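So you can see what is in the structure, the chains are spelled out below.
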Amino acid sequence: MRASLSLLAFTCALSGRLCVAQTPRPAEDPRPSAPATEQEVPALKKVFEDLFLIGGALNRNVVTGRDAAGAAIAVKHFSTATAENDLKWQLIHPQLDRYDWEPADGYVAFCEKNRMVAIGHCLVWHSQVPRWVFRDDSGNPLTRDALLARMKDHIVAVVGRYRGRIQGWDVVNEALDENGALRGTPWVRIIGEGSADKQYDFIEHAFRWAHEADPDAELFYNDYNLEVSRAKCDGAVAIVKRLQSKGIRIDGVGIQLHGGLGYPSIEGLEHAITTLAATGVEVMITELDIRTQARGYRGADIGKVSRKSTSDPGAASAETQKKLADKYAEIFSVLIEHRKEISRVTFWGIHDGASWIGGSPLLFDRSYKPKEAFFSVVKASRERQY
Ligand code: XIL
């Protein structure tokens with residue numbers, strides 16, 4: 001039986017040193033195992049510097065330094081970072097006449113101080129948006145024009161504030177259903193007014209206004225399951241082509257890539273990367289994590305995912321961590337192969353203890369130690385010839 005590296009690896013994580021036993025020998029090998037040697041934990045941003053930006057989602061504890069060990073990992077390993085929540089409408093613009101800039105200002109300052117490319121997530125989404133956005137003073141649904149005006153105000157204020165400091169924006173997040181059609185969100189219902197012609201209007205306007213607010217910012221469409229559902233991937237392609245045909249700036253599509261131990265398949269991931277890249281835009285992996293829970297909901301709808309419902313006491317077992325490491329190695333071998341199409345790879349969080357999906361889905365464990373999955377990702381980069 002092959003011993004798990006995670007059982008043999010132990011770290012002095014905060015000092016950034018790794019003490020790791022040498023590669024385990026097969027059971028039948030009679031030689032005594034070699035003494036543990038010390039080796040540096042390589043910085044991911046160095047490992048991938050010639051391939052793509054690499055980063056993670058930062059929560060407020062990291063940005064403020066309350067999670068000092070998490071911040072140390074981010075500073076050491078990331079060349080890019082996304083705010084996990086602090087730029088979302090609900091947090092940055094909780095009331096009609098009130099913006100709460102402080103947390104997002106802190107995130108942008110953290111990125112600048114630590115030379116990370118800052119990514120804005122996200123401007124127009126159906127989740128984490130307050131209900132007042134879609135209603136008038138009397139609680140009635142807004143008209144199309146009033147909602148468009150409200151959306152414009154928000155985009156101009158938020159993108160404008162960080163003009164020249166946030167390099168790229170997830171302008172529209174998760175607008176698609178699994179079948180590739182637009183979701184029936186208030187954005188579509190109100191701005192689309194039930195007319196097929198107007199369904200995509202909110203997307204077009206959002207991209208136009210984001211561009212006006214910061215002409216140098218890169219603008220992205222972002223969604224999950226693009227690597228799982230071909231119909232959804234086609235839906236994203238349709239959005240890109242529609243914007244392009246109207247001369248509206250779009251620079252890239254973000255594949256969130258909330259995966260699991262058994263998905264996505266190599267074929268599905270390659271299909272999404274190549275199909276999206278064929279439209280001429282960059283492709284990014286924007287929210288990478290791998291669920292260790294074997295059962296349950298597979299998507300990334302935040303209404304269906306909760307850390308409680310996905311908790312899994314066995315997640316940290318050596319067997320699960322081995323599977324996790326293998327899945328990460330497989331995914332990274334695809335990403336490395338497609339390095340010319342991929343501009344950025346961002347993990348959705350820093351360490352398991354703060355992951356939004358519970359279990360053990362990231363490269364660092366609850367004690368901030370790099371896991372077997374960390375080393376398998378590094379190894380994948382060294383095994384590729386490029
Ligand atoms: C998640 C955050 O990680 C959680 O902290 C929050 O409670 C809910 O949202 N797709 C996205 C992200 O685009 O914004 C979501 O982030 C995860 C799914």
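All of these numbers come straight from a predicted model, not from anything done at the bench. Each residue is numbered by its place in its chain's sequence as written, counting from 1. Totals for whole chains, interfaces and linings use all residues, but because this is a predicted model, local features are given only for residues with pLDDT of at least 70 and pairs of side-chain atoms are given and counted only at 80 or more. Note that water and hydrogens are dropped before the side-chain values are worked out from all heavy atoms of the structure.

Notes on the packing of aromatic side chains
Centre-to-centre distance and the angle between the planes together describe a pair of aromatic rings.
Line of reasoning, step 1. Stacked, edge-to-face and tilted are the three classes for Phe, Tyr and Trp ring pairs, Trp counted by its six-membered ring, which pair at centre distances within 6.5 Å; planes under 30 degrees apart are stacked, over 60 edge-to-face, the rest tilted. Applying the stated criterion to the full structure yields 11 aromatic pairs.
Line of reasoning, step 2. Ring geometry for Phe48 against Phe332: centres 5.4 Å apart, planes inclined by 40°, an arrangement best described as tilted. Here Phe48 is found in the loop between α2 (44-47) and β4 (53-58), whereas its partner Phe332 is found in helix α12 (residues 318-337), with 284 residues between them in sequence.
Line of reasoning, step 3. According to the relative accessible area criterion, Phe48 is buried, its value standing at 0%.
Line of reasoning, step 4. Here the aromatic rings of Trp89 and Trp132 are separated by 6.3 Å at their centres, their planes lie at 70°, and the arrangement is edge-to-face. On the criterion of sequence distance, the pair formed by Trp89 in helix α5 (residues 89-92) and Trp132 in the loop between β6 (117-124) and α7 (144-161) is long-range, its members being 43 residues apart.
Line of reasoning, step 5. Judged by its relative accessible area of 2%, Trp89 falls in the buried class.
Line of reasoning, step 6. Taken together, the ring pairs connect Phe48, Phe52, Tyr328, Phe332 and Phe347 into an aromatic cluster.
Line of reasoning, step 7. Look at NZ for Lys and CZ for Arg. If either is within 6 Å of the ring centre and within 35 degrees of the ring normal, a charge sits over the ring. Lying over the aromatic face of Tyr224, Lys232 brings its terminal NZ or CZ to 3.7 Å of the ring centre. In this description a helix means any DSSP run of H or I spanning at least four residues, a strand means any run of E spanning at least two, and both kinds are numbered starting from the N terminus. Exposure classes here rest on a 1.4 Å probe applied to the protein chains alone. A residue is buried below 20% of its type maximum, exposed above 50%, and partly exposed in between.

Here's the deal with the site of the ligand
Line of reasoning, step 1. Summary of the distance rule: residues count as near a molecule or strand when at least one heavy atom falls within 4 Å of that molecule or strand. Around the ligand, the surrounding shell holds 15 residues, and the nearest of these are Glu84, Lys88, His121, Glu287 and Trp348.
Line of reasoning, step 2. Here a polar contact is recorded for every N or O atom pair within 3.5 Å, except that within protein the pair must consist of a potential hydrogen donor and a potential acceptor, and residues adjacent in sequence are included only if both atoms are side-chain atoms. In the model, an oxygen atom of the ligand is placed 2.7 Å from a nitrogen or oxygen of the His121 side chain.
Line of reasoning, step 3. Here an oxygen atom of the ligand and a side-chain polar atom of Gln256 are 3.3 Å apart.
Line of reasoning, step 4. In this count, Pro and Cys sit with the nonpolar residues alongside Ala, Val, Leu, Ile, Met, Phe, Trp and Tyr, while Asp, Glu, Lys and Arg are called charged and the others, Gly among them, polar. Tallied by class, residues from the shell around the ligand come to 5 nonpolar, 6 polar and 4 charged.

What to know about the environment of Arg384
Line of reasoning, step 1. The residue Arg384 is located in the segment after α13 (372-383) in this model.
Line of reasoning, step 2. A C-alpha to C-alpha distance of 7.9 Å links Arg384 and Glu337, two positions 47 residues apart in sequence.
Line of reasoning, step 3. In contact with Arg384, not counting residues within four places along its chain, are Ser333, Ile336 and Glu337. In what follows, residue pairs with any heavy atoms lying within 4.5 Å of each other are defined as contacts.

A closer look at the nonpolar core
The nonpolar side chains of a soluble globular protein tend to be buried, and buried together.
Line of reasoning, step 1. Grouped together as the largest cluster of nonpolar side chains are 107 residues, with contacts concentrated most on Tyr107, Trp169, Trp187, Tyr328 and Phe332.
Line of reasoning, step 2. Counting residues per element, this core draws most heavily on α12, which supplies 8 residues.
Line of reasoning, step 3. Once you skip the residues sitting within four places of it in the chain, Tyr107 turns out to touch Leu58, Val63, Ala81, Thr82, Ala83, Leu87, Ala118, Ile119 and Ile166.
Line of reasoning, step 4. Buried Ala, Val, Leu, Ile, Met, Phe, Trp, Tyr and Cys residues form a nonpolar core when they are joined through side-chain atoms within 4.5 Å. If you look at the next biggest cluster of nonpolar residues, it comprises 7 residues, including Tyr224, Ala300, Val305 and Ile357.

Looking at the confidence of the model for the chain
Line of reasoning, step 1. Known as pLDDT, the predictor's confidence for each residue is given on a scale from 0 to 100. The share of residues in the chain with pLDDT of 70 or more is 88%, and the mean pLDDT across the chain is 89.
Line of reasoning, step 2. A low-confidence stretch, residues 1-38 stays under pLDDT 50, and its non-local contacts, those more than four residues away or across chains, total 57 contacts.

Looking at α13
Since the α-helix packs 3.6 residues into each turn, any two residues three or four apart lie on the same face.
Line of reasoning, step 1. Residue count minus one, scaled by 1.5 Å, sets the expected span of a helix. Here α13 is 12 residues long and its end C-alpha atoms lie 16 Å apart, about the 16 Å a rise of 1.5 Å per residue gives.
Line of reasoning, step 2. Within α13, 9 of the 12 residues are buried, which leaves the element mostly enclosed by the surrounding structure.
Line of reasoning, step 3. Turning to α13, its buried residues number three or more, namely Glu372, Ala373, Phe374, Phe375, Ser376, Val377, Val378, Ala380 and Ser381.

Section: helix α11 (residues 266-277)
Line of reasoning, step 1. Helix length check: α11 (12 residues) gives 16 Å between terminal C-alpha atoms against 16 Å at 1.5 Å per residue, within 8%.
Line of reasoning, step 2. Listing the buried residues of α11 in full gives Gly268, Leu269, Ala272, Ile273, Leu276 and Ala277. Take α11 and look down its axis: the buried residues cluster within an arc of 150°, on one side only.
Line of reasoning, step 3. Buried residues along α11 sit in contact with α10 (230-245), β9 (252-255), β11 (282-291), α12 and β12 (342-347). The directions considered for the arc are those from the helix axis to the C-beta atoms.

Brief notes about the side chain of His121
Line of reasoning, step 1. Tracing the backbone through its elements, the reader meets His121 in strand β6.
Line of reasoning, step 2. A polar atom in the side chain of His121 sits 2.8 Å from the side chain of Asp170.
Line of reasoning, step 3. Not counting chain neighbours up to four residues away, the residues in contact with His121 comprise Thr82, Ala83, Glu84, Leu87, Lys88, Trp169, Asp170, Asn173, Asn222, Glu287 and Trp348.

Topic: the pattern of salt bridges
Line of reasoning, step 1. Salt-bridge detection follows one rule: a side-chain nitrogen of Lys or Arg within 4 Å of a carboxyl oxygen of Asp or Glu. Per the counting criterion, the structure on display carries 16 salt bridges.
Line of reasoning, step 2. Between Lys198 and Glu193 there is a salt bridge, and its shortest N-O distance comes to 2.7 Å.
Line of reasoning, step 3. Accessibility expressed as a relative area gives 27% for Lys198, which makes it partly exposed.
Line of reasoning, step 4. Put simply, Glu204 and Lys246 hold a salt bridge, and the shortest N to O gap is 3.3 Å. Of this pair, Glu204 sits in helix α9 (residues 201-213) while Lys246 sits in the loop between α10 and β9, placing them 42 residues apart in sequence.
Line of reasoning, step 5. Given the relative accessible area of 43%, Lys246 is considered partly exposed.
Line of reasoning, step 6. Where salt bridges share partners, they join Glu178, Asp223 and Lys232 into one cluster.

Considering the pairing of β9
Line of reasoning, step 1. Covered by surrounding structure in β9 are Gly252 and Gly254 together with Val253 and Ile255, the residues of both alternating faces.
Line of reasoning, step 2. Here, a strand pair is defined by DSSP locating no fewer than two bridges between the strands. When strand β8 (residues 218-223) meets β9, the two strands line up parallel, connected through 4 bridges. Considered in β9, the bridge of Asn222 is made with Gly254.
Line of reasoning, step 3. One crossover worth recording links β8 to the parallel β9 by way of α10, and it is right-handed. With its strands directed away from the observer, a crossover is right-handed exactly when the path from the first strand over the helix to the second travels clockwise.

As for the packing of α12 against α13
Line of reasoning, step 1. Geometry is summarised by axes, namely lines fitted to C-alpha atoms with helices restricted to the contacting stretch, and by angles between N-to-C directions that run from 0 to 180 degrees. Two numbers describe how α12 lies on α13: the axes approach to 8 Å, and their chain directions differ by 30°. On the basis of the axis angle, α12 is roughly parallel to α13. Crossing of α12 over α13 shows right-handed handedness. For the pair α12 and α13, the contacting residues are Gln321, Lys322, Leu324, Ala325, Tyr328, Ala329, Phe332 and Ile336 in the first and Glu372, Ala373, Ser376, Val377, Ala380 and Ser381 in the second.
Line of reasoning, step 2. Here the contact of α12 with α13 is built from residues that sort into 9 nonpolar, 3 polar and 2 charged. When describing relative orientation, an angle under 35 degrees is termed roughly parallel and one over 145 degrees roughly antiparallel, while 65 to 115 degrees is termed roughly perpendicular and anything else oblique. It is the rotation of the near helix from the far one that decides the hand of a crossing: anticlockwise by less than a right angle makes it left-handed, clockwise makes it right-handed.

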